[in-house]
Amino acid sequence: MSANVVTQLQVKSHNSPDEKRRPDKSEIDIVSVGDYTIGRFNFEPGWRWSECIKPVVHTDSCQNSHVGFCVSGKLTVETTDGGRIDIGAGDSYTIPPGHDAWVEGGDPFVGVEFLSAASFAKGAE
């Protein structure tokens, strides 16, 4: 396993992000610190990737690899090959490309993403 190396001391707040993305029922706040891009993902009740993000990225399923941590709420993820997981508060997760996801229940899902933030919910430029 390779080790990541941090070369500078830096802090940024997601309350004043470098970039904001606002697809339907989504608030995605992006900060870059050193060589890393970190995203705070906030999805409202009723959010579903195939309804809210697919119109932005124009792929049949989410093609991002995700590594993250759930702060609050609940997200269900289903892969195109039929795998399914529920992610809840306090869970760390990995999700491979080829999936749909949706918020379960009446509370927003809030997650911090460490791998997909640079490209998630970003259309072709």
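These lines cover the structure that appears in this document, whether it is placed above or below. (Residues numbered from 1 in each chain as written. Predicted model: local features only at pLDDT ≥ 70, side-chain atom pairs only at ≥ 80, totals over all residues. Heavy atoms only, no water.)

### Quick notes on the overall build of the protein chain
Right, so step 1: A tally of helices and strands in the protein chain yields two helices and nine strands.
Right, so step 2: Beginning at the N terminus, the succession of helices and strands in the protein chain can be written as β-β-β-α-α-β-β-β-β-β-β.
Right, so step 3: Over its C-alpha trace the protein chain gives a radius of gyration of 14 Å, about what one expects of a compact globule, namely 14 Å for 125 residues.
Right, so step 4: Dimensions of the protein chain along its principal axes, counting C-alpha atoms only, are 40 × 35 × 30 Å.
Right, so step 5: Per-residue burial for the protein chain yields a buried fraction of 37% across its 125 residues.
Right, so step 6: Nonlocal contacts in the protein chain, meaning residues at least 24 apart in sequence, comprise 59% of its contacts between residues at least 6 apart.
Right, so step 7: Roughly 7,200 Å² of accessible area belongs to the protein chain as shown, and the carbon and sulfur atoms make up 50% of that amount. (Helix = DSSP H or I, 4+ residues; strand = E, 2+ residues; numbered from the N terminus. Rg over C-alpha atoms; globule rule 2.2 N^0.38 Å. Buried < 20%, exposed > 50% of the residue type's maximum accessible area, 1.4 Å probe, protein only. Contact = heavy atoms within 4.5 Å. Areas by Shrake-Rupley, 256 points an atom, 1.4 Å probe, with all protein chains shown as cover.)

### Let's talk about the pairing of strand S3 (residues 36-43)
Right, so step 1: Taken together, the eight bridges between strand S2 (residues 26-33) and S3 define a ladder with antiparallel strand orientation. Residue pairing for S3: Asp-29 is matched across the bridge by Arg-40.
Right, so step 2: Hairpin remark: S2 followed by S3, antiparallel, with two residues in the connecting loop; positive phi at Gly-34, about 55°.
Right, so step 3: Bridge analysis of S3 against strand S9 (residues 109-113) gives five bridges, and the strand direction is antiparallel. The residue of S9 that forms the bridge with Phe-43 is Phe-109. (Pairing = 2+ DSSP bridges.)

### Looking at the sheet that holds strand S4 (residues 66-72)
In any sheet, the strands associate via hydrogen bonds between backbone groups, in a parallel or an antiparallel arrangement.
Right, so step 1: Ordered in space as S1-S2-S3-S9-S4-S7, the six strands form an open sheet in which the pairing is antiparallel. Two strands bound the open sheet, and with one partner strand each, they are strand S1 (19-21) and strand S7 (92-95). This sheet shows a mean twist of 25° between the axes of neighbouring strands, independent of strand direction.
Right, so step 2: Taken together, the four bridges between S4 and S9 define a ladder with antiparallel strand orientation. By the bridge assignment for S9, Gly-68 is matched with Glu-113. (Axes fitted to C-alpha atoms, helices over the stretch in contact; angles between N-to-C directions.)

### Observations regarding the pattern of salt bridges
Right, so step 1: Scanning all chains against the criterion turns up seven salt bridges.
Right, so step 2: Glu-19 serves as the salt-bridge partner of Lys-122, at 4.0 Å between the closest nitrogen and oxygen. You can see Lys-122 sitting in the segment after S9 and its partner Glu-19 sitting in strand S1, a full 103 residues away along the chain.
Right, so step 3: Given the relative accessible area of 28%, Glu-19 is considered partly exposed. (Salt bridge = Lys/Arg side-chain N within 4 Å of Asp/Glu carboxyl O.)

### With respect to a negative patch on the surface
Right, so step 1: On the surface, a cluster of negative charge is contributed by Asp-24, Glu-27, Glu-44 and Glu-51.
Right, so step 2: As for its position among the elements, Glu-51 is in helix H1 (residues 49-52). (Patch = residues over 30% accessible without salt bridge, like charges linked within 9 Å, V, L, I, M, F, W, Y side chains within 5 Å. Lys, Arg positive; Asp, Glu negative; His and termini not counted. Charge placed at Lys NZ, Arg CZ, Asp CG, Glu CD.)

### Section: the nonpolar core
Right, so step 1: With 21 residues, the main nonpolar core has Phe-43, Trp-47, Leu-75, Ile-87, Phe-109 and Phe-120 as its most contacted residues.
Right, so step 2: Listed by contribution, the elements that provide at least two residues to this core are S2, S3, H1, strand S5 (74-79), S7 and strand S8 (99-103).
Right, so step 3: The contact partners of Phe-109, leaving out residues within four places of it in the chain, are Phe-41, Asn-42, Phe-43, Cys-70, Ser-72, Gly-73, Lys-74, Leu-75, Ile-87, Tyr-93 and Val-103. (Core = buried A, V, L, I, M, F, W, Y, C linked by side-chain atoms within 4.5 Å.)

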